[in-house]
Protein chains: 2
Amino acid sequence: MSLKNMSDSELKSFRDKAASEYEAFKGEGLKLDMSRGKPCPEQLELSMPLLDILNSSSNLIDEGGVDVRNYGQLTGITETKRIFADILGISPEMIIVGGSSSLNLMYDAVARAVQFGVYGSEKPWGKCEGAKFLCPVPGYDRHFSITETFGFEMINIPMTPTGPDMDMVEKLVNGDPTVKGIWCVPMYSNPDGYTYSDETVKRFAALKPAAPDFRIFWDNAYCVHHLKDEHESLLNIFDEAKKTGNEDMIFEFASTSKITFAGAGVSVLAASENNVKQIISLLEIQNISYDKMNQLRHARFFGNADGLRAHMEKHKAILAPKFDLVNETLKAGMGDTGLLSWNVPNGGYFISVNTPEGCAKETVRLCKEAGVVLTGAGATYPYKKDPKDCNIRLSPSFPSLADLKKATELFCVCVKLAAAEKEIADRK
Amino acid sequence: MSLKNMSDSELKSFRDKAASEYEAFKGEGLKLDMSRGKPCPEQLELSMPLLDILNSSSNLIDEGGVDVRNYGQLTGITETKRIFADILGISPEMIIVGGSSSLNLMYDAVARAVQFGVYGSEKPWGKCEGAKFLCPVPGYDRHFSITETFGFEMINIPMTPTGPDMDMVEKLVNGDPTVKGIWCVPMYSNPDGYTYSDETVKRFAALKPAAPDFRIFWDNAYCVHHLKDEHESLLNIFDEAKKTGNEDMIFEFASTSKITFAGAGVSVLAASENNVKQIISLLEIQNISYDKMNQLRHARFFGNADGLRAHMEKHKAILAPKFDLVNETLKAGMGDTGLLSWNVPNGGYFISVNTPEGCAKETVRLCKEAGVVLTGAGATYPYKKDPKDCNIRLSPSFPSLADLKKATELFCVCVKLAAAEKEIADRK
């Protein structure tokens, strides 16, 4: 029964029950963190053999004859490029292997564009009055922080189960030359877990941007991060862009942060020949080389793309039960209240839930007061402003199953309490 | 006997002898590279045990309780900070440990200043018309490339054995608010190998910049890179700046690139509390953490600052004979011609030589034609323009002793040939 349909006394008794359950949780002195998509210790253990790959008697010469210990080879080593190229379905020449952080590669890509422009720019983005970035929402807070920091006006684009609202994207990109870019997490999106449909990818590839230097920031962070045996699949945007002559429009990013070690993986930027050439002309001022030793360590650990995919099965075995548990606990906890909606994702790192309007902030506050830290409400929107104050991103990866169950049960109680208080206040 | 004092026929016979020696070298089909300060394979071997420090059964929790495999700890781990703090004589709170490249940290520091300003900026450097950078010359080409790329006007400051011409530095920094920064390699300078005197450091610390956001880029790249048992010593600029209230004026940089692995070391940025706070506010948008696993590997390998210093003795044992050989070969090859001057450095990675005016480019060209690649003439000056065309940077570290002897002998012949041809042309 929905709160709206309850009598005042039914509503009050619903609230009182939630409040008393909440007080009970508070008494337990919980101290749990579900705020970020951090791999759990068991996941990190999966990659410990990576540390034995290189030792003091290893051959440190890569396939191309490069001594990985020394300076040089700015764009990365042959074998690591090949694995990423296979995973992303592109040629190794399109790949620049970076350091341990793809966020860093994305920030740097925006910073270069703002300061110097990208291939095809008439002037640096920073010299374009009122430059805008499109932000599918809910989305990834760290993306939005980058474009906010560099002063872009950010425009919300509603996400759907097939991807961003492409009518809106086409209208804005094709019609407005101040629209310079869009953030996309095309597979198992952060936070919804949606994979862009073939049609969406084709429509992206067929954009006719008003800005000659518009770029799609294709953050393929979860390209191999499946939670089910049946994998979702994402059309290769570079293949589609080749057909439309739009290859220069795409910057693709990925990393092994959620494959090997979150803090010591290998990242990658993939782009067209024109883009790579322009990027290198600036990158070679910034750096002589990224850590090729870690690149070699990764390449030898996986062997090839299939080795990497097999490794992901082990992550799945750890993560899938956690996602299932959260889903089941949400279902049981929310019952037929209709107070919470969410997508059950087939991959990625998050479960994105929607409370009734105006209840997300209060829910997160209540959880925190009872010892469970969630991603801040609003974080999934530019400027941290969720216009309806309803979206919350749950991150099931890090806590243990027991903690996760407890935290999710508390979460359900907090949603109910926040919603009941709001309904009571609304009726006054 | 100097060329100037030779008769035409003496000069011709001097030229002919050099030319015939040069042809003989050309016949040998040399293929050597003395262009960059790359550690040689024997130096890289010194750090191979670093690769055994972390393995699949290692404890990966740092002293602060942080799991180095996971995200977080943006400014670096406790034990690595402590070692760098000890080496640089500052407190660990002043340290941000970066990735494998201090060049990257320097580029990023300039990029942030241009885009956002530094602590104390009234506006971003990029919004200041005619912003200037002081460049002690000869200097490090990659420094100059950064400030050239970001559009600074670069002003040459002559180097002396005690450091940059401080009268000129004081006049420009204290008098001109468009002067935003200066590049310094204060110990075993690149390329001269000079260490700034105590007076020079004190005068730097006592600057009264016209720009409220002026910064000294103190690239202490060779702070422990001694070639002699008697070490030169550099005054701690932060200690001096504390006395003058100028702590915010300094960005210090260092790395282990020439201590462990050139391509897979650990870098560091050191700055005042105010600066670190401002930097973190932007760094946390760019990155979640640098590679803490490599930081831990380095900290455990060295144990402490003394362990690091002891490790440098092994480098000295490999490098000192190379520097001695180049020095001896130059002395023997140039004899009493007076055609070449150079400093015999007590540390660092380079020998900076000066040919007669207008002969450096031709010398480098001749060497290249005979199979020996040197750093391009002019590279040690902003815009690659050596106004006198006389400075050449020799990098003795990478080649073997035998190759080094051969390359240096060829170099001497090329200097003589270039100088003789020039003198002949001048007389016409």
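Values in this document were obtained by computation on a predicted structure and should not be read as measured data. (Residues numbered from 1 in each chain as written. Chains lettered and ligands numbered in written order. Predicted model: local features only at pLDDT ≥ 70, side-chain atom pairs only at ≥ 80, totals over all residues. Heavy atoms only, no water.)

I tried to follow the domain arrangement of chain A on my own but got confused; where do I start?
When the parts of a complex come together, some accessible area is lost, and that lost area is often used as the size of the interface. Residues and elements named next belong to chain A. For chain A, the assigned domains are domain 1 (3–44 + 309–427) and domain 2 (61–303). Placing a centre on the C-alpha atoms of domain 1 and another on those of domain 2 gives a separation of 31 Å. With 32 residues of domain 1 at the contact, the number on the domain 2 side is 38 residues. For the pairing of domain 1 and domain 2, the buried interface totals around 3,000 Å² over both sides, and the portion due to carbon and sulfur atoms is 57%. The largest share of the area that domain 1 buries against domain 2 comes from Met312, Asn346 and Tyr383, three residues that together contribute 21% of it. Applying the counting criterion to the domain 1 and domain 2 interface returns 2 salt bridges. With a closest N to O distance of 2.8 Å, Arg36 and Asp141 form a salt bridge. Taken together, the links from domain 1 to domain 2 amount to 14 residue pairs in polar contact (both at pLDDT 80 or more). When residues of the side of domain 1 that touches domain 2 are traced back to their parent elements, those giving at least two are helix H12 (305–334), strand S11 (351–354) and strand S13 (391–394). Here the side of domain 1 that touches domain 2 gets 10 residues from one element, more than from any other, and that element is H12. (Domains from an automatic or database assignment. Contact = heavy atoms within 4.5 Å. Buried area = accessible area lost by both parts, 1.4 Å probe. Salt bridge = Lys/Arg side-chain N within 4 Å of Asp/Glu carboxyl O. Polar contact = N/O pair within 3.5 Å; in protein donor to acceptor, adjacent residues only side chain to side chain. Helix = DSSP H or I, 4+ residues; strand = E, 2+ residues; numbered from the N terminus.)

Sorry if this is basic, but what is going on with the nonpolar core here?
It is characteristic of soluble globular proteins that their nonpolar side chains tend to be buried jointly. One finds Phe204(A), Ile216(A), Trp218(A), Leu394(A) and Phe411(A) to be the most contacted residues of the largest nonpolar core, which totals 113 residues. Per-element tally for this core: the top contributor is helix H14 (residues 401–427) of chain A, with 13 residues. The contacts of Ile216(A), once residues within four sequence positions are left out, are Ile182(A), Cys184(A), Phe204(A), Leu207(A), Ile237(A), Met249(A), Ile250(A) and Phe251(A). In terms of nonpolar packing, the next biggest core, distinct from the first, is built from 112 residues, Ile95(B), Leu134(B), Ala254(B) and Ile392(B) among them. (Core = buried A, V, L, I, M, F, W, Y, C linked by side-chain atoms within 4.5 Å. Buried < 20%, exposed > 50% of the residue type's maximum accessible area, 1.4 Å probe, protein only.)

Even after reading the chapter, I still don't get the pairing of strand S3 (residues 132–137) of chain B, so can you show me in this structure?
Side-chain positions along a regular strand alternate between the two faces of the sheet. Residue and element names in this part refer to chain B. S3 sits mainly inside the fold: 6 of its 6 residues count as buried. Burial along S3 is two-sided: the residues Lys132, Leu134 and Pro136 and Phe133, Cys135 and Val137 are all buried. Direction of pairing for S3 relative to strand S6 (residues 179–184): parallel, over a ladder of 3 bridges. When the bridges of S6 are listed, Leu134 appears paired with Ile182. (Pairing = 2+ DSSP bridges.)

Just to check I follow, could you spell out the interface of chain A and chain B for this structure?
In this assembly, 55 residues from chain A lie in contact with 55 residues from chain B. Between chain A and chain B, the buried area comes to about 4,500 Å², and carbon and sulfur atoms account for 55% of it. The tally of links between chain A and chain B comes to 2 salt bridges. Ionic pairing is found between Arg69(B) and Glu45(A), a salt bridge with its closest N-O pair at 3.0 Å. Across the contact surface, chain A and chain B share 18 residue pairs in polar contact (both at pLDDT 80 or more). Contributions of two or more residues to the side of chain A that touches chain B are made by helix H2 (41–46), helix H3 (50–53), helix H5 (102–116), helix H6 (141–149), helix H10 (273–286) and helix H11 (292–302) of chain A. Take the side of chain A that touches chain B: its biggest share by element is 8 residues, from H5(A). Broken down by class, the residue content of the side of chain A that touches chain B amounts to 25 nonpolar, 17 polar and 13 charged. (Nonpolar A, V, L, I, M, F, W, Y, C, P; charged D, E, K, R; others polar.)

What is the right way to look at the pattern of salt bridges in this model?
Following the criterion strictly, the structure yields 54 salt bridges over all chains and no others. Here Glu28(B) ties to Lys406(B) by a salt bridge, and the two come within 3.0 Å at their closest N and O atoms. Of this pair, Glu28(B) sits in the loop between helix H1 (8–27) and strand S1 (32–34) while Lys406(B) sits in helix H14 (residues 401–427), and the two are 378 residues apart along the sequence. Judged by its relative accessible area of 27%, Lys406(B) falls in the partly exposed class. Put simply, Lys4(A), Asp8(A), Glu423(A) and Arg427(A) are held in one network by salt bridges that share partners.

Looking at this model, I keep getting lost on the sheet that holds strand S8 (residues 250–255) of chain B. Mind explaining?
The strands making up a sheet associate through hydrogen bonds between their backbones, and the pairing can be parallel or antiparallel. Residue and element names in this part refer to chain B. Pairing within the open sheet is mixed, and its 8 strands lie in the order S2-S9-S8-S7-S6-S3-S4-S5. Of all the strands in the sheet, just strand S2 (95–97) and strand S5 (163–164) have a single pairing partner and so form its edges. Sheet topology note: the S2/strand S9 (residues 267–270) ladder contains 3 bridges and is antiparallel. By the bridge assignment for S9, Ile95 is matched with Ala270. Running over the sheet, helix H5 (residues 102–116) touches S6, strand S7 (215–219), S8 and S9 and is turned about 155° from S8. (Axes fitted to C-alpha atoms, helices over the stretch in contact; angles between N-to-C directions.)

It is not clear to me how the environment of Arg142(B) should be interpreted in this structure. Could you clarify?
Assignment of secondary structure puts Arg142(B) in helix H6 (residues 141–149). On a C-alpha basis, the gap between Arg142(B) and Pro382(B) in space is 9.6 Å, while along the polypeptide they are 240 residues apart. Ignoring any residue separated from it by four or fewer positions in sequence, one finds Arg142(B) in contact with Glu284(A), Ile288(A), Arg36(B) and Leu103(B).

I would appreciate a short explanation of the sheet that holds strand S11 (residues 351–354) of chain B in the present structure.
Residue and element names in this part refer to chain B. Pairing is antiparallel in the open sheet, where 3 strands are placed in the order S10-S11-S13. A strand with exactly one partner marks an edge of an open sheet, and here the two such strands are strand S10 (341–342) and strand S13 (391–394). As paired strands, S11 and S13 are joined by 4 bridges and run antiparallel to one another. In the sheet register, Ile351 faces S13, and the bridge partner there is Leu394.

Where do I start with the environment of Glu45(A) in this structure?
All names here are of chain A. Tracing the chain through its elements places Glu45 in helix H2. Judged by its relative accessible area of 45%, Glu45 falls in the partly exposed class. Residues Glu45 and Phe261, 216 residues apart in the sequence, show an inter-C-alpha distance of 9.1 Å.

How should the relation of the copies chain A and chain B be read in this particular structure?
Comparison of the two chain copies shows a relationship of rotation about an axis with a shift along it. Expressed as a screw operation, the relation of chain A to chain B combines 0.0 Å of axial shift with a rotation of 180°, fitting to an RMSD of 0.0 Å. Here the two chains are linked by the operation of a two-fold rotation axis. A shared binding surface is used by both copies, with 100% of the interface residues of chain A retained as interface residues in chain B. (Least-squares fit on C-alpha atoms with pLDDT ≥ 70 in both.)

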